[in-house]
Amino acid sequence: MSKQPRPRIGISSCLLGNNVRYDGGHKKNESLIETLGSLVEWISVCPEVDIGLGTPRLPIQLERDGEKGIRLVMPETGEDLTDRMARYAIERVDILREKRISGYVLKSKSPSCGMEGVLVYDGNGEASAAGTGMFAAVLKERMPHLPVEDEVRLEEADVRENFIVRIFAATRWLELEDAGFTLAGLTRFHAQHRNLVMSHDPIVCETLDRLLRDVENERMVLPESVGRYEREFKQALADTV
Ligand code: SF4
């Protein structure tokens, strides 16, 4: 049996214990490191340090600004960091894609890294938990099929187990891609994962069966089926059973 490849996983640097937070500290998550650390290769990223804010630094936050939409700002100085962070995030995410990451663990609640429910302030200083961190938003937009979780959600056993399943499946998908997609390769991949998909979503499983039959019978070309297969497969696994 071939050796399981070790998934490369992006992670908010402070979760690994690096002193990169605005207050000079970290948010080391021991249980996360213990559970996943031996299975994966971490690629740590701190967007705020990378755009040159330094450590320690003044805190930043998301603010709603009328027509301009949601901005990333440093309230004490009034500096608007939105464009700087957006430019950085696009470049960094593209590099992470080239490094073949197959998952990402984000720090919850951060205006840069939070994946959901991040506080967004209005002009009166009132906040609602309605935003996505600016780096996280770019990550999700540019790598829509990437398994992404935060450290709080990963405390739930079913979410954690499913994340592990998804990152290994995503790693095997990358291997398939790197080898060059063929019908034989896709058929082998499907046979290997069919029961898994069935346990998540029997309807998607039938759709994928049909997709492969369509390619075999030349009703669909391989490149078209690959895109659809990836989307349906990864979406089905994203739903916890
Ligand atoms: S949450 Fe993100 S930006 Fe903030 S310290 Fe951690 S890695 Fe850096």
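If you're wondering where the values come from, they're calculated on a predicted model, not measured in any experiment.

## Here we look at the overall build of the chain
Across its full length, the chain carries eight helices and nine strands. Counting only C-alpha atoms and orienting by the principal axes, one finds that the chain spans roughly 65 × 40 × 30 Å. Among the 241 residues that make up the chain, the fraction classed as buried is 45%. Long-range contacts, defined as pairs at least 24 residues apart, comprise 62% of the intrachain contacts of the chain with a sequence gap of at least 6. A total accessible area of about 12500 Å² is found for the chain, and carbon and sulfur atoms account for 48% of it. Side chains of the chain carry 32 positive and 40 negative charges; the gap between the two charge centres is 4 Å.

## Examining helix α3 (residues 82–98)
The first and last C-alpha atoms of α3 sit 24 Å apart over 17 residues, in line with the 24 Å expected at 1.5 Å per residue. Looking at α3, one finds that the buried residues are Thr82, Met85, Tyr88, Ala89, Arg92, Val93 and Leu96. On an axial view of α3, the arc spanned by its buried residues comes to 130°, and they lie on one face. Residues of α3 that are exposed and angled more than 90 degrees away from the buried face: Arg87, Glu91 and Glu98. Positive backbone phi, approximately 65°, marks Arg100, located one or two places after α3.

## Quick word on the sheet that holds strand β2 (residues 41–45)
Strands sit in the order β2-β1-β6-β9 across an open sheet of four strands; the sheet is parallel. The strands lining the two open edges of the sheet, one partner per strand, are β2 and β9 (148–150). Strand-to-strand, the axes of this sheet are offset by a mean angle of 25°, without reference to chain direction. Direction of pairing for strand β1 (residues 8–12) relative to β2: parallel, over a ladder of five bridges. Across the sheet, the residue bridging to Ile11 is Ser44, located in β2. Sheet contacts for helix α4 (residues 134–142): β2, β6 (101–106) and β9; angle to β6, the most-contacted strand, approximately 155°.

## What to know about helix α5 (residues 157–179)
Here α5 spans 33 Å end to end across 23 residues, near enough to the 33 Å set by a 1.5 Å rise per residue. Positive phi appears at Gly180, one or two residues downstream of α5, with a value of about 95°.

## A look at the packing of α3 against α4
The geometry of α3 relative to α4 is characterised by a closest axis approach of 9 Å and an angle of 45° between their N-to-C directions. Classified by the interaxial angle, the pair formed by α3 and α4 is oblique. The way α3 lies across α4 gives a crossing that is right-handed. Along the contact surface, α3 presents Thr82, Met85, Tyr88, Ala89, Ile90, Arg92, Val93, Asp94, Leu96 and Arg97, while α4 presents Met134, Phe135, Val138, Leu139 and Arg142. In the contact of α3 with α4, the residues fall into ten nonpolar, one polar and four charged.

Cut-off values and rules
Residues numbered from 1 in each chain as written. Predicted model: local features only at pLDDT ≥ 70, side-chain atom pairs only at ≥ 80, totals over all residues. Heavy atoms only, no water. Helix = DSSP H or I, 4+ residues; strand = E, 2+ residues; numbered from the N terminus. Buried < 20%, exposed > 50% of the residue type's maximum accessible area, 1.4 Å probe, protein only. Contact = heavy atoms within 4.5 Å. Areas by Shrake-Rupley, 256 points an atom, 1.4 Å probe, with all protein chains shown as cover. Lys, Arg positive; Asp, Glu negative; His and termini not counted. Charge placed at Lys NZ, Arg CZ, Asp CG, Glu CD. Expected span 1.5 Å × (residues − 1). Arc of directions from axis to C-beta. Pairing = 2+ DSSP bridges. Axes fitted to C-alpha atoms, helices over the stretch in contact; angles between N-to-C directions. Parallel < 35°, antiparallel > 145°, perpendicular 65-115°, else oblique. Left-handed = near helix turned anticlockwise from the far one by under 90°. Nonpolar A, V, L, I, M, F, W, Y, C, P; charged D, E, K, R; others polar.

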